[in-house]
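Fold and contact review
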Amino acid sequence: MLLTLSLQNDPENNINPTDLSYLLHKHPDRIHSFSLSHSTAHVFYPQYDENQCQVALLLEVDAIGLVRTFRGPMSSKQLTHYLNDRPYTANSFMSVALARAFRSAIGGRCKEREALVDCKLPLTVHIPVLPCRGGQPVLEKLFSPLGYEIFAEPIALDNQFSEWGHSHYYQVTLKNKCRLVDLLSHLYVLMPVLDNDKHYWVSADEIEKLLLRGGDWLAQHPAKEFISLRYLKHKKHYAQIALAALAPEQIDAEEKADLAEAELEKSLTLNQQRQQKVMDTLLAHQVQSILDLGCGEGKLMKLLASHAQFKSIIGVDVSSQALDRASSRLRLEHWSERQQHRIQLWHGSAFYSDSRWTSFEGICCIEMIEHMDEDRLEAFIENVFNIAQPKLVIITTPNQEYNVVFGLTETQRRHSDHRFEWTRAEFTTWCQRIVDNYDYQVTLEGIGANDQNYGHPTQMAVFTRST
């Protein structure tokens, strides 16, 4: 399985072919090898001179190893597991290898030549065997809107039997003047789409990958529905979620109804219900910039990141370990420079004022205040409601009365680090005191299963600035 990428000399536009090696972070004098699941990738330079720089990505797939570790039902398809095209055509194996071998480039990073990252370069991609299920029209449907010149030659089923006609494989050359990060992202997403298959199980995590690599261009692509459905292996619900994140205003009523029904039928933990409620509230108030105060491991941030409405999502936590876990969960190092600017993690405390907080439309404090000593809550209130003054503040905290439903005694708390847990009356009194002293109004709601005697397990206060 082979893919080559070339950059030609262009003195008029001050383009040096050797710049490609810096952008790819791969030295031309070495062969770079990477071990992947059931495959090995090699990066080398067939040509590297003043006229042209050409880099090759060669992938060796262990077809036998794939079969021997296969855990799905073999049934009557045992022979086809051994006799298939996976080692010979550019498919999802190549996408994974591309992202691994050129990790820095696809993430939009280049320490040696930072100015080159945003330069549009005359790049050429050649793929000797590319599956194209649907024929050349599908190839053009995918790449033409992105500005590519397409040169495709169908491959015969058998050269000795011309009457058999052509296969669905093509020898393809693509040319475009674009940023390298864009070209790599296009290939990463569209090669599995052309193949209409993937070599691994497609879970909800694939939605995040699609948004990560396609977020900057897929929303404007005329075939975005086709691409999303094929990339997510025809899982309609996943595709609907991805499309909603790319362009939520373009989802029609039927699709919205499908999403709503699926959401109602899905069994959620209390934490998931809490995050969903907070996100729905932020969406309803059309908040675009959010400060997640006490972000912890970044679970809420990860959920918010899938929605295009939120242009800036910043997580703040006093714990460096929590921020490290949040960074790992969000996979910030794999995001483009634009997305890394959109989603950031800051080290800070709710007890100390920070002038940067004033730039946010919304502040979320989810299951955080109960971890503070009650005598320090005044500093938190002052920093949020007097200094930062966002138009929306969302605070959630446990309902102490509901603990009996969980089987706890009156003296027990849900978490060993909770300094207090308030009843509904206590939380209402605390919220009203904020309204009395600051220019805000408050609405109180419950989250989770409602008990006739004890209310909801989680209390939520939504503060809106009066002016």
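Not measured: the values here are computed from a predicted model.

**Thoughts on the sheet that holds strand 8 (residues 289-293)**
On the basis of which strands lie adjacent, the open sheet formed by seven strands has the order 10-9-8-11-12-14-13 and mixed pairing. Bordering the open sheet on either side are strand 10 (343-347) and strand 13 (440-447), each of which pairs with just one other strand. For this sheet, the mean angle separating the axes of adjacent strands, direction not counted, is 20 degrees. Direction of pairing for strand 8 relative to strand 11 (residues 362-366): parallel, over a ladder of three bridges. Across the sheet, the residue bridging to D292 is C364, located in strand 11. Seen against the sheet, helix 16 (residues 377-388) touches strand 8, strand 11, strand 12 (392-398), strand 13 and strand 14 (458-465) and runs at an angle of roughly 160 degrees to strand 12.

**Things to note about the sheet that holds strand 7 (residues 166-178)**
The sheet built from seven strands is open, its strands ordered 2-3-4-1-5-7-6 with antiparallel pairing. Taken across any chain shown, the strands that pair with only one partner, and hence form the sheet edges, are strand 2 (32-36) and strand 6 (149-156). Neighbour to neighbour, the strand axes of the sheet diverge by 15 degrees on average, direction disregarded. Pairing between strand 1 (residues 2-8) and strand 5 (residues 121-131): four bridges, direction antiparallel. Of the residues in strand 5, the one forming a bridge with L5 is V125. Each of strand 5, strand 6 and strand 7 is contacted by helix 6 (residues 136-143), which is oriented at about 155 degrees to strand 6, the strand it contacts most. Running at roughly 15 degrees to strand 5, helix 7 (residues 180-195) makes contact with strand 1, strand 5 and strand 7 of the sheet.

**Points about the pattern of salt bridges**
Using the criterion set out here, one finds 15 salt bridges in the structure. Of the charged contacts in the structure, one is a salt bridge between D19 and R113, with a shortest N-O distance of 4.0 Å. Here D19, found in helix 1 (residues 19-24), pairs with R113, found in the loop between helix 5 (103-106) and strand 5; they are 94 residues apart in sequence, far enough to count as distant. A relative accessible area of 12% means that D19 is categorised as buried. A salt bridge links R274 to E367; its shortest N-O distance comes to 3.6 Å. Here the residue R274 occupies a position in helix 12 (residues 270-284), and E367 occupies one in the loop between strand 11 and helix 16, the gap between them amounting to 93 residues. Accessibility assignment for this pair places R274 and E367 in one class, buried. The structure contains a network of salt bridges with shared partners spanning D118, R179 and D182.

**Quick notes on the pairing of strand 2**
Judged by which residues are buried, strand 2 turns out to be one-sided: H32, F34 and L36 face inward and are buried, whereas S33 and S35, on the alternate face, are not. Summarising the sheet, strand 2 and strand 3 (residues 39-48) pair through five bridges and their orientation is antiparallel. Bridge pairing in strand 3 links L36 to S39. Where strand 2 folds back onto strand 3 in an antiparallel hairpin, the turn is made up of two residues, including H38, whose phi is positive at roughly 65 degrees.

Rules used throughout
Residues numbered from 1 in each chain as written. Predicted model: local features only at pLDDT ≥ 70, side-chain atom pairs only at ≥ 80, totals over all residues. Heavy atoms only, no water. Pairing = 2+ DSSP bridges. Helix = DSSP H or I, 4+ residues; strand = E, 2+ residues; numbered from the N terminus. Axes fitted to C-alpha atoms, helices over the stretch in contact; angles between N-to-C directions. Contact = heavy atoms within 4.5 Å. Salt bridge = Lys/Arg side-chain N within 4 Å of Asp/Glu carboxyl O. Buried < 20%, exposed > 50% of the residue type's maximum accessible area, 1.4 Å probe, protein only.

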